[in-house]
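Tertiary structure, described
Here is what each chain is made of, one letter per residue.
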Amino acid sequence: SKGNITIELYRHAAPNTVGNFISLARGEKEFTDADGKPAKRPYYDGLIFHRVIPNFMIQGGDIKGNGTGGPGYQFADEINAKALGLDKMKVATSPMAMQEVQQVARNEVFKKLNIKSQADLNAKMKEAEAMFAAEQAKWKDKSLEELYTARGVTYTPNLESESNTKGSLSMANAGPNTNGSQFFISVADNTYLDGKHTVFGRVIAGLDVAEQITQVDRDQQDRPKTPVKMTKVTILEN
């Protein structure tokens, strides 16, 4: 509703993801509608961009329009960590990754000490704190590929994965292998998302429209106060 955005889809990077997007856009694939009933129509037509953030991205593809919806199914990520160089990037060089290390370390400590409740943690706090520091230290010289794998991401070799840079079209998810219909278009270089979000296309015209969408008035959930809709999603074959 703000103008046209033209995107080239990358089968070389994410063939299954591209296939899912095309099938939904064309109305070839059945999905679960907002009322919980099965439906089959051009999925994206009329949906809103429910989350827009300046200097970050615009997100859409939610049948419910509130960030919780999807097509009623999930499918795997399509990412080749080595194609993105994640096997050579050290955890210590990424502040965002170090935050994830804390979660990995916490899970490992809880497992080793058999901590299953707050009472368990209170009883073993000193031991847990010492182990937590040691577990974090183990990760500083490890790669981002190793860290994300520990977080549950499964990588696929031989894909020509693309980076989450300005203009990229990527799958939104709620963790590893939880892709459905939601996607986002980056309006800045968001390379810290590499390895966790499948890139399956790139804007080749109309990036200014996406940037314009990020500037609309938003509520506290970053939802446009005046709906911004995908009026029509059309698939063009080469």
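Per-chain numbering applies: the sequence of each chain, read as written, is numbered from 1 onward. pLDDT decides what is reported in this predicted model: residues at 70 or higher carry local features, side-chain atom pairs at 80 or more are listed and counted, and totals for whole chains, interfaces and linings draw on all residues regardless. Where side-chain values are given, they derive from all heavy atoms of the structure, hydrogens and water being excluded.

Take the sheet that holds strand β7 (residues 183–186) next. Strand pairing in a sheet takes place through backbone hydrogen bonds and is either antiparallel or parallel in direction. Read across the sheet, six strands follow the order β1-β8-β6-β7-β5-β4 without closing on themselves; strand pairing throughout is antiparallel. The open sheet terminates on both sides in strands that have one partner only, identified here as β1 (6–9) and β4 (49–53). Looking at each pair of strands side by side, their axes are set apart by 25° on average, direction ignored. If DSSP finds at least two bridges between two strands, the strands pair. Labels follow the DSSP assignment, with helices taken as runs of H or I lasting at least four residues and strands as runs of E lasting at least two, numbered in each case from the N terminus. All axes are obtained by fitting lines to C-alpha atoms, using only the stretch in contact for helices, and the reported angles, taken between N-to-C directions, cover 0 to 180 degrees.

A pair of Phe, Tyr and Trp rings is counted when the ring centres sit within 6.5 Å of each other, with Trp represented by its six-membered ring. The angle between the planes then sorts it: under 30 degrees is stacked, over 60 is edge-to-face, the rest tilted. Tallied over the entire structure, the rule returns seven aromatic pairs. With centroids separated by 6.0 Å and ring planes inclined at 85°, the aromatic side chains of F21 and F183 adopt a geometry described as edge-to-face. Taken together, the residues span a long stretch of sequence, with F21 in helix α1 (residues 15–26) and F183 in strand β7 at a distance of 162 residues. Among the residues examined, F21 registers a relative accessible area of 10% and is labelled buried. Ring plane angle 90° and centroid distance 4.8 Å describe the contact between F31 and Y43, whose orientation is recorded as edge-to-face. Taken as a pair, F31 in strand β2 (residues 31–32) and Y43 in the loop between β3 (38–39) and β4 lie far apart in primary sequence, twelve residues in all. Throughout, exposure labels follow a simple rule: accessible area from a 1.4 Å probe, protein chains only, divided by the maximum for the residue type, with under 20% read as buried, over 50% as exposed, and the rest as partly exposed. Residue F31 is classed as buried on the basis of its relative accessible area, which comes to 2%. Grouping aromatic residues by their ring pairs yields a cluster made of F21, F31, Y43, Y44, F49, F183 and F200. Taking NZ or CZ as reference, K142 lies 4.6 Å from the ring centre of W139, over its face. Only when the NZ atom of a Lys or the CZ atom of an Arg is both within 6 Å of the ring centre and within 35 degrees of the ring normal do we say a charge sits over the ring.

Packed helices, taken two at a time, are described by the angle their axes make and the gap between the axes. Relative orientation of the contacting elements helix α2 (residues 95–113) and helix α4 (residues 125–138) amounts to 130°, with a least axis distance of 9 Å. As the angle between them shows, α2 and α4 are arranged oblique. Seen from above, α2 lies across α4 with right-handed handedness. Taking contact as the criterion, the partners of V101, Q102, A105, R106, E108, V109, K112 and L113 in α2 are, on α4, E127, A128, M131, F132, E135, Q136 and K138. Across the contact of α2 with α4, the residue classes break down as seven nonpolar, two polar and six charged. Put simply, angles under 35 degrees are roughly parallel, angles over 145 are roughly antiparallel, angles from 65 to 115 are roughly perpendicular, and the rest are oblique. A crossing counts as left-handed when the near helix is turned anticlockwise from the far one by less than a right angle, and as right-handed when that turn is clockwise. By definition in these notes, contact holds between two residues if any of their heavy atoms fall within 4.5 Å. Nonpolar residues are Ala, Val, Leu, Ile, Met, Phe, Trp, Tyr, Cys and Pro. Charged residues are Asp, Glu, Lys and Arg, and all others, Gly as well, are polar.

A word on the environment of Y155. Locating Y155 in the fold gives a position in the loop between α5 (144–150) and β6 (168–171). Residue classification places Y155 among the buried residues on the basis of a relative accessible area of 16%. Once the C-alpha coordinates of Y155 and K196 are considered, the two residues, 41 residues apart in sequence, prove to be 9.6 Å apart. Apart from the residues within four sequence positions on either side, Y155 is in contact with I79, A81, L86, E145, Y148, T149 and G195. For this analysis, a polar contact is any N or O atom pair within 3.5 Å, provided that within protein one partner can donate a hydrogen and the other can accept it, and provided that sequence-adjacent residues contribute only side-chain to side-chain pairs. A polar contact of 2.9 Å, which involves the side chain of Y155, links it to the backbone oxygen of G195.

Of all hydrophobic cores here, the largest spans 31 residues; its most connected members are Y44, F49, F183 and F200. If you list the elements that add at least two residues to this core, you get α1, β4, β6, β7, β8 (199–205) and α6 (207–213). Those residues within four positions of Y44 in sequence are excluded, and the remaining contacts are F21, L24, A25, G61, S181, F183, M230 and V233. Definition of nonpolar core: a set of buried residues of the types Ala, Val, Leu, Ile, Met, Phe, Trp, Tyr and Cys, connected through side-chain atoms within 4.5 Å. One finds A81, V101, V104 and Y148 within the second-largest nonpolar core, a separate group that totals 14 residues.

Let us now look at the side chain of T178. Counting through the fold element by element, T178 comes out in the loop between β6 and β7. Discounting chain neighbours no more than four positions away, the residues touching T178 are Q74, F75 and N173.

The values reported here are purely geometric and, on their own, carry no functional implication.
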